[in-house]
Amino acid sequence: MYMDQLNQAVKGGIAPFHEYLLQGSIVDSSKDVLVHRLRGLCDNADSNPEAFHDHEMIFSLKGSPQQQPMTVYLRHSLIQTDCWHLRYVGSTEFGDKTRQTLVRSCVDIGVSDSIVKFLNEIGFKLEYEFVAKGYFFHKGRMKVTVSKLFKMNIQGDVNNIDPLTLSCLVELSVVVPTGQEQVGEDMKNFAEQLKPLVQLEKVDHRRQQQAAT
Amino acid sequence: MQKEEKQLEMSLESMIQRVSELKNSIGALIFKLEHEYETLNWPSLLDNFALLSGQLNSLGRVLKSDKVPSLKNQLLLPLLLHPDPDENLRKLTEGRLLFFNHEIAPNYLRTKLEPEVEEKTQQLVTKAQQTTQEQTQKQLNNLNKVTSNLLDIINSTREEWDNESSQKSSQPQTSSLTDTNALVSATLTGKGLKSNRTRLPESPQAGMQQLQKIQNPSISKAPSSIKTQIKAASGGHPYQRT
């Protein structure tokens, strides 16, 4: 099984990985405190936190009505406009209490600006889009993002935007090859250090999806 | 009479037990201080002190309890003094006392305080006796006043602190579960992002790509037809949803 995956990865140039994920949020007024704390906790404490400003588009390909639509997440940096990133994530495993984080399989690929056209050509349709602005930190292989999500008032217009909530989304994630449960423990410990500022938790995605439909 | 003796014996036994416990823990603490001072940490030292204070307390309780006959009424008199080393005594005292002779006995059996201490106490007693009733009353009043003032200050400060801490504990609502859920479901399912969107074709960025795309094939055509074509095409721009 594992060898198959590896062969496939070598052939296709795409490696299947697992993403371990914890999510939380911080109200805007306390965001600076959190950023300050993250600067202290994470690597490169002496340099300014790395900012990002992305436009995310979510495309899906619907097969027959019985089938689950295939969804991909496309991110386009508005700072470095030639940076496009396409990501596919599998369904999220919530797991039991012994598992510290959410786990989902994911595939990350760097793409070029023709991706939108390509996706449209093969039948993908834009589902929704938003703008994410925020900071990015890393500590070892852990990645922390603090992002403010904006609703786009006009489709495709990244300048005409309104904040979605009064909070910023905080995500702690690690992407590793299959089968490294130790990561969850590290992440839990890191999340502990951000309390009580942010409660990073396993957010049940299935429940969220049910609530949305 | 016999009953009292029995009681005394029992209370002595329990006293000895308490005292030896106390002695052991003091010994253990000293040992720790001498041998483990490099690794000894503050909490464990505090634990030791807490143990000592607990044992002292229980010893005090034994002494005060009703079952113990008043020890002040008991007489203790040395029956035999001996100048030679006493092996038995050495064992009993764990090597601290070798003789029970004329020099040591008075020291161990004394009931009076040390002379220096006694002198100091005497001084205080005479001083207290010299003050008149009136003066005493005055001083007492003064002391009461100062004490009550102090109590007031302490109480008010404590109230302030309590208020502050309660404010602090109520204040930091730095994250909200509803917002977390809203944000996560927005990224996952587009909840809150799909609705209320006007789809105006004039959107600069998306529109531009479309414009170029359309203009190319229509360059050769008449200007009027370009206009209509742009309008017609702008409805279906590349990110169109179904």
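Rules of the game
Residues numbered from 1 in each chain as written. Chains lettered and ligands numbered in written order. Predicted model: local features only at pLDDT ≥ 70, side-chain atom pairs only at ≥ 80, totals over all residues. Heavy atoms only, no water. Contact = heavy atoms within 4.5 Å. Buried area = accessible area lost by both parts, 1.4 Å probe. Polar contact = N/O pair within 3.5 Å; in protein donor to acceptor, adjacent residues only side chain to side chain. Helix = DSSP H or I, 4+ residues; strand = E, 2+ residues; numbered from the N terminus. Expected span 1.5 Å × (residues − 1). Buried < 20%, exposed > 50% of the residue type's maximum accessible area, 1.4 Å probe, protein only. Arc of directions from axis to C-beta. Core = buried A, V, L, I, M, F, W, Y, C linked by side-chain atoms within 4.5 Å. pLDDT = per-residue confidence, 0-100. Salt bridge = Lys/Arg side-chain N within 4 Å of Asp/Glu carboxyl O.

Draft legend 1. Main features of the interface of chain B and chain A. Every contact between the two is made by 35 residues of chain B and, on the other side, 44 residues of chain A. Approximately 3,500 Å² of surface area, both sides summed, lies buried where chain B meets chain A, with 59% of it carried by carbon and sulfur atoms. At the surface where chain B touches chain A, the tally comes to seven residue pairs in polar contact (both at pLDDT 80 or more). Broken down by secondary-structure element, the contributors of at least two residues to the side of chain B that touches chain A are α7 (177-189) and α8 (204-218) of chain B.

Draft legend 2. Highlighting helix α4 (residues 182-193) of chain A. Residue and element names in this part refer to chain A. Taking 1.5 Å of rise per residue, 12 residues should cover 16 Å, and α4 covers 18 Å from first to last C-alpha, within 8% of that figure. Taken as a whole, α4 has its buried residues at V183, G184, M187, F190 and A191. Seen from one end, α4 has its buried residues packed into an arc of 125°, which puts them on one side. Buried residues in α4 make contact with β1 (17-27), α2 (31-41), β6 (125-139), β7 (142-152) and β9 (167-176).

Draft legend 3. Summary view of the nonpolar core. All names here are of chain A. One finds L34 and L38 to be the most contacted residues of the largest nonpolar core, which totals 25 residues. Breaking this core down by element, the ones donating at least two residues are β1, α2, β7, β9 and α4. If you tally residues by element for this core, the top one is β9, at five residues. Non-local contacts of L38, meaning those with residues more than four positions away in its chain, are made with F137, V144, V146, F190 and L194.

Draft legend 4. Fine view of the confidence of the model for chain B. Residue and element names in this part refer to chain B. Per-residue confidence for chain B gives a mean pLDDT of 77, with 78% of residues at or over 70. The secondary structure element of chain B with the lowest average pLDDT is α8, at 44, and the one with the highest is helix α2 (residues 42-64), at 90. Counting contacts from residues 196-226, a segment whose pLDDT is below 50, to residues more than four positions away or on other chains yields 38 contacts.

Draft legend 5. View of the pattern of salt bridges. Residues and elements named next belong to chain A. This structure, assessed with the given rule, holds nine salt bridges over all chains. Among the salt bridges present, the one from R87 reaches E19, with a minimum N-O distance of 3.2 Å. With R87 in strand β4 (residues 84-89) and E19 in strand β1, this residue pair connects regions lying 68 residues apart in the sequence. Of the two residues, R87 and E19, both sit in the buried class. Here K62 makes a salt bridge to E127, at a shortest N to O gap of 3.1 Å. With K62 in the loop between β2 (50-61) and β3 (70-77) and E127 in strand β6, this pair connects stretches of sequence that are 65 residues apart.

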